[in-house]
Amino acid sequence: MIVGGAFYFIYSQLANNEKLDWQKFLVLFHKNQSAAGIGFILLLSVLNRLFEILKWQNLVSYLHPISLGEATKQVLAALTAGLFTPNGVGEYAGKALYFDKKETKKVVFLNLICNGIQMILTVIFGVFGLLYFNSRYNVITAKTVAVLFGICFLFFGILFFSKKVNIKGYSIEKLIHKINEIPKSIHQKNTLLAILRYLVFSHQYYVLFLAFDVDLPYFILMSVITSVYFLASALPTFQFLDFAVKGSVAVYFFGILGVNEWVVVFVSTLMWFLNVVLPVLIGSYYVLNFKTKKAV
């Protein structure tokens, strides 16, 4: 059911999206096609997923070492399983199924750290991107920026003063303690791999815009890309609709810069195809051959 649903949604999104002008795409593709360029874009997709796999292998070493092949299987199968759940929540259950039941809570916690560092980087780069873009194009007023920062400080202040508050036995203080139990070397490696992954997929977005003849200054283009990822990540969505959400946010920002809507939609769709669809196709194999981990 998971694999069949994955293929159905992938096909329907590519075949029935009226904003995808395939004729314009083919004309531009024939004009700018380059074996080296295509190879480089595919390499970035491989590196994007590889860094995610290495992150997971590194974090799971806290429980017990696993091979790169095993980490690949778990990450890609979990990605496929999480395709139909909001913000990929099903990915947590998908990875947990590869471990003993007694390790389920630890695996879910490690996956939370794995995704959490990526989200933190998305917020940090996104905020700086938004501020830079806004300083050039004044999308929102200085007063609004000040209000937003005030809300953020208030939010973190509430978190700090309520860290000892228990909700069903859980608290922020306990969460911080659990995080600190993991060796610093693992956290440092996890952070480095997360930064590398962010740089890879954000620059893949950048390279694709260059391939579509979008001629904008590097920092302007990167500020929009980081802003789009930040704002799109803040919205609850499903993996199979990921390109539609990012595409709609990107259309607004790139519209301010005068970039054609069809180019933005195509680049967003290609990013989704390269970084979600292709890994899901491989992950489908692992899902079909999945064998439940028996508790010892």
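Note that the structure is a prediction, hence the values are computed from the model and not measured.

*Asks:* What am I meant to see in the overall build of the protein here?
*Replies:* Looking only at helices and strands, the protein has 12 helices and 0 strands in total. Ordered by position in the sequence, the α and β elements of the protein form the string α-α-α-α-α-α-α-α-α-α-α-α. Counting every position in the protein, which comprises 296 residues, the buried fraction comes to 42%. Long-range pairs, those at least 24 residues apart, make up 74% of the contacts in the protein between residues at least 6 apart in sequence.

*Asks:* Is there a simple way to think about a nonpolar patch on the surface in this case?
*Replies:* Together, Ile 120, Ile 124, Phe 128, Leu 131, Phe 149 and Phe 153 make up an exposed nonpolar region whose accessible area comes to about 620 Å². The biggest single contributor to the nonpolar patch is helix H6 (residues 104–137), with 4 residues. Relative to the helices and strands, Leu 131 resides in helix H6.

*Asks:* How should I be thinking about the nonpolar core in this particular structure?
*Replies:* Looking at soluble globular proteins, one finds that nonpolar side chains tend to be buried together. Counting 32 residues, the largest nonpolar core has Tyr 205, Phe 209, Ile 225, Phe 254, Leu 257, Val 259 and Val 263 as the members making the most contacts within it. Contributions of two or more residues to this core are made by helix H9 (184–211), helix H10 (218–233), helix H11 (242–256) and helix H12 (261–288). With 8 residues, the top contributor of residues to this core is H10. Discounting chain neighbours no more than four positions away, the residues touching Leu 257 are Phe 133, Tyr 137, Leu 216, Ile 220 and Val 224. Within the second largest apolar cluster, 18 residues are counted, among which are Trp 56, Ala 77, Phe 99 and Ile 113.

*Asks:* What exactly am I supposed to notice about the UniProt feature "transmembrane region" (unreviewed entry) in the protein here?
*Replies:* When the UniProt feature table is mapped onto this chain, "transmembrane region" (unreviewed entry) is found at residues 34–51, 108–133, 139–161, 192–212, 218–236, 243–264 and 270–288. Taken end to end, residues 34–51 has its terminal C-alpha atoms 26 Å apart, with 94% of it in helix and 0% in strand. Helix makes up 100% of residues 270–288 and strand 0%, with an end-to-end C-alpha separation of 26 Å.

*Asks:* Which parts of the structure should I look at to understand the packing of aromatic side chains?
*Replies:* Any aromatic ring pair is given by two values, namely how distant the centres are and how the planes are angled relative to each other. Applying the stated criterion across every chain, the model contains 14 aromatic pairs. With centroids separated by 5.2 Å and ring planes inclined at 80 degrees, the aromatic side chains of Tyr 206 and Tyr 218 adopt a geometry described as edge-to-face. Of this pair, Tyr 206 sits in helix H9 while Tyr 218 is found in helix H10, placing the two residues 12 residues apart along the sequence. The rings of Phe 125, Tyr 198, Phe 201, Tyr 205, Phe 209, Tyr 229 and Phe 254 are connected pair by pair, giving a single aromatic cluster. In this structure, Lys 95 is placed above the aromatic ring of Trp 56, and the distance from its NZ or CZ to the ring centre is 4.1 Å.

*Asks:* How should H12 be read in this particular structure?
*Replies:* Each α-helix winds once per 3.6 residues, and so residues spaced three or four apart point in a common direction. Over its 28 residues, H12 extends 38 Å from the first C-alpha to the last, a length consistent with the 40 Å expected when each residue adds 1.5 Å. Within H12, the axis deviates most sharply at Phe 273, by approximately 35 degrees.

*Asks:* Sorry if this is basic, but what is going on with the confidence of the model for the protein here?
*Replies:* Predicted coordinates in regions of low pLDDT should not be interpreted in detail. Confidence in the prediction for the protein averages 80 pLDDT; 73% of positions are at 70 or higher. Within the protein, no element has a lower average pLDDT than helix H1 (residues 2–15), which sits at 56, and none a higher one than H9, at 93.

*Asks:* How should I be thinking about the pattern of salt bridges in this particular structure?
*Replies:* Pairing is possible between side chains that carry opposite charge, provided their charged atoms lie close to one another. All chains considered together, the criterion is met by 4 salt bridges. One salt bridge connects Lys 55 with Glu 52, and the closest N-O pair in it is separated by 3.3 Å. With Lys 55 and Glu 52 both in helix H3 (residues 35–60) and 3 residues apart, the pair spans about one turn of that helix. Glu 52 matches Lys 55 in its accessibility class, with the two residues each being buried. Its salt-bridge partner being Arg 197, residue Glu 52 comes within 3.0 Å of it at the nearest N-O pair. In this pair, Glu 52 is assigned in helix H3 and Arg 197 in helix H9, connecting sequence segments 145 residues apart. For the pair formed by Glu 52 and Arg 197, the shared burial category is buried.

Analysis parameters
- Residues numbered from 1 in each chain as written.
- Predicted model: local features only at pLDDT ≥ 70, side-chain atom pairs only at ≥ 80, totals over all residues.
- Heavy atoms only, no water.
- Helix = DSSP H or I, 4+ residues; strand = E, 2+ residues; numbered from the N terminus.
- Buried < 20%, exposed > 50% of the residue type's maximum accessible area, 1.4 Å probe, protein only.
- Contact = heavy atoms within 4.5 Å.
- Patch = residues over 30% accessible without salt bridge, like charges linked within 9 Å, V, L, I, M, F, W, Y side chains within 5 Å.
- Areas by Shrake-Rupley, 256 points an atom, 1.4 Å probe, with all protein chains shown as cover.
- Salt bridge = Lys/Arg side-chain N within 4 Å of Asp/Glu carboxyl O.
- Core = buried A, V, L, I, M, F, W, Y, C linked by side-chain atoms within 4.5 Å.
- UniProt positions renumbered as here; feature names shortened; annotations may be inferred.
- Phe/Tyr/Trp six-rings, centres within 6.5 Å; stacked < 30°, edge-to-face > 60°.
- Lys NZ or Arg CZ within 6 Å of the ring centre and 35° of its normal.
- Expected span 1.5 Å × (residues − 1).
- Bend = angle between axes of the 7 residues up to and from the residue.
- pLDDT = per-residue confidence, 0-100.

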